[in-house]
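Commentary on secondary and tertiary structure
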Amino acid sequence: MIELIFLGIGVGLLSGFFGIGGGTILVPLLLLLGYSIKEAIGISVVQMLFSSLYGSYLNNKKGTLDVPMVFTIGIGGFVGALFSGFLTSLFSDLALELIFLAFALFALSRLFYKTSIDVEQKELNRVVLFVIGFFVGLLSMLIGVGGSIILVPILVSFLHVDIKKAISAGLFFVVFSSVSGVISHTLSRDIDFFSGIVIGVASLIGVYVGIFLKDSVDSVLQKKLLAGFYLLIVIYLIQRILF
C-alpha cells in the first residue's frame, strides 16, 4: 500500500508537469515491480482517470486549456479507445512492449524538430482532428498510456501549438481516452481496480505540484526536460526487451 501511494504521488507529479496521463511512466515502473505488461496496462488505465480529470480542471482554471480544439480530438480518442481492450488481448507481452517502445521513440524524435516561436498555430478541419484523436486513442490505450505521449509532439511540431498549451491539451485528451479505455479493458478482461484506484487517488497530490511547477518554468527548459524524460523511458525499455 505504501509503495503504491508513493508511486501515485510521483506519477501524478510527472503527469501534471509533462501533461501525460501517467501511463508513460507508470507502466515501466509497474514492470520494474514485477507486474506483467497486461496487468500494468490495466492499472495504468484506471489511474489515468484521476490524474487527467484533476489536472485538466487545474489547467482550465489557469487558462492554459484550449477546450474547443481538444474536445474534437478527445471525442475521436474516446471512439478509438473503445477498441483498445480487444486489441490488447490479441498481442503477446513482448509485442506490447515493442509497441510501447515505438511510441516513446516517435515522441522523442518529434520533440527534436525545431519550431519557431513566432509561427502561427495551424487550424485544422474538425474531421482531421477527430481522425487524429481516433488513432491516437486506439493505439495509446492499447499499451496503457493516455495518448499525450504522441499528441503533445504532434501539436507542438505539426500544428505549432505553444508547449504549455500542448501539454494542457494532452492531459485533457487523456480524460476521454482513459474513460473509454476503462470501459473497453473491463469488458475484455480483469483489471486490478484496487491498485489503480490507490495510485490514482495518491496521484492527485502530485498532479497539483506538477502543474504548479509546469507554469513556473521556461517553455524551452520544459521541452528539454520532456525530451529527457522520453529518453529515459526509451533506454529502460530497450534494456528490458534486449536483456
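Just so it is clear, the structure is predicted and the values come from calculations on it, not from any experiment.

Calculation notes
- Residues numbered from 1 in each chain as written.
- Predicted model: local features only at pLDDT ≥ 70, side-chain atom pairs only at ≥ 80, totals over all residues.
- Heavy atoms only, no water.
- Helix = DSSP H or I, 4+ residues; strand = E, 2+ residues; numbered from the N terminus.
- Rg over C-alpha atoms; globule rule 2.2 N^0.38 Å.
- Buried < 20%, exposed > 50% of the residue type's maximum accessible area, 1.4 Å probe, protein only.
- Contact = heavy atoms within 4.5 Å.
- Areas by Shrake-Rupley, 256 points an atom, 1.4 Å probe, with all protein chains shown as cover.
- Lys, Arg positive; Asp, Glu negative; His and termini not counted.
- Charge placed at Lys NZ, Arg CZ, Asp CG, Glu CD.
- Core = buried A, V, L, I, M, F, W, Y, C linked by side-chain atoms within 4.5 Å.
- Axes fitted to C-alpha atoms, helices over the stretch in contact; angles between N-to-C directions.
- Parallel < 35°, antiparallel > 145°, perpendicular 65-115°, else oblique.
- Left-handed = near helix turned anticlockwise from the far one by under 90°.
- Polar contact = N/O pair within 3.5 Å; in protein donor to acceptor, adjacent residues only side chain to side chain.
- Phe/Tyr/Trp six-rings, centres within 6.5 Å; stacked < 30°, edge-to-face > 60°.

Another aspect to go through is the overall build of the protein chain. Along the protein chain, the regular secondary structure elements total eleven helices and zero strands. Ordered by position from the N terminus, the helices and strands of the protein chain form the series α-α-α-α-α-α-α-α-α-α-α. Radius of gyration (C-alpha) of the protein chain: 16 Å, near the 18 Å computed for a compact globule of 243 residues. For the protein chain, the spread of C-alpha atoms along the three principal axes comes to 45 × 35 × 35 Å. Buried residues in the protein chain amount to 53% of all 243 residues. Considering only intrachain contacts with a sequence separation of at least 6, the fraction spanning at least 24 residues in the protein chain is 87%. When the accessible surface of the protein chain is totalled, it reaches about 10,600 Å², and 72% of it is carbon and sulfur. Measuring between centres, the 14 positive side-chain charges of the protein chain sit 6 Å from its 13 negative side-chain charges.

It is worth spelling out the nonpolar core at this point. Within the largest apolar cluster, 63 residues are counted, with the highest numbers of intra-cluster contacts made by I149 and L155. In terms of residues, this core owes the most to one element, helix α9 (residues 163–188), which gives ten residues. Contact partners of I149, with chain neighbours within four places excluded, come to T24, F103, A104, A107 and Y230.

On to helix α2 (residues 23–32), then. Counting buried positions along α2 gives eight out of ten residues, so the element sits mostly inside the fold. Where α2 is concerned, the buried positions are G23, T24, I25, L26, V27, P28, L30 and L31. Within two residues after α2, G34 carries a phi angle of roughly 105°, on the positive side.

Where helix α1 (residues 2–18) contacts α2, the two axes come as close as 9 Å, and the packing angle between them is 150°. Considering their axes alone, α1 and α2 lie roughly antiparallel with respect to each other. Judged by the sense of rotation from one axis to the other, the crossing of α1 with α2 is right-handed. Each of L7, V11 and L14 in α1 lies in contact with α2, whose residues at this interface are I25, L26, L29 and L30.

On the secondary structure map, T186 appears in helix α9. Along the sequence, T186 and G85 sit 101 residues apart, while their C-alpha atoms lie 7.6 Å from each other. Leave out the neighbours within four places in its chain, and T186 touches I191 and F193. From its side chain, T186 meets the backbone oxygen of V182 in a polar contact 2.6 Å long.

A large share of helix α8 (residues 148–157) lies buried, amounting to ten of its ten residues. Of the positions making up α8, those classed as buried are S148, I149, I150, L151, V152, P153, I154, L155, V156 and S157.

So, on to the packing of aromatic side chains. Taken as a whole and judged by the stated rule, the model has four aromatic pairs. On the basis of an interplanar angle of 80° and a centroid distance of 5.6 Å, the ring pair of F71 and F176 is categorised as edge-to-face. With F71 in helix α4 (residues 67–81) and F176 in helix α9, this residue pair connects regions lying 105 residues apart in the sequence. Overall, the relative accessible area of 43% leaves F71 in the partly exposed class. With 5.3 Å between their ring centres and 85° between their planes, F172 and F176 make a pair best called edge-to-face. On the criterion of helical spacing, the pair formed by F172 and F176 is a turn pair, its members being four residues apart in helix α9. Among the aromatic residues, those joined into a ring-pair cluster are F71, F172 and F176.

The next subject is the side chain of S184. Of note, S184 is situated in helix α9. Note on S184: relative accessible area 5%, which makes it buried. Excluding residues within four positions of it along the chain, S184 makes contact with A81, L82, F83, S84, G85 and F86.

Attention now moves to the side chain of T88. Mapped onto the fold, T88 is located in helix α5 (residues 84–90). Residue contacts for T88: discarding those within four places in its chain leaves K38, I41, L96, M141, L142, H185 and R189.

The next point concerns the environment of Q47. Here Q47 is to be found in helix α3 (residues 37–62). Since its relative accessible area comes to 0%, Q47 is described here as buried.

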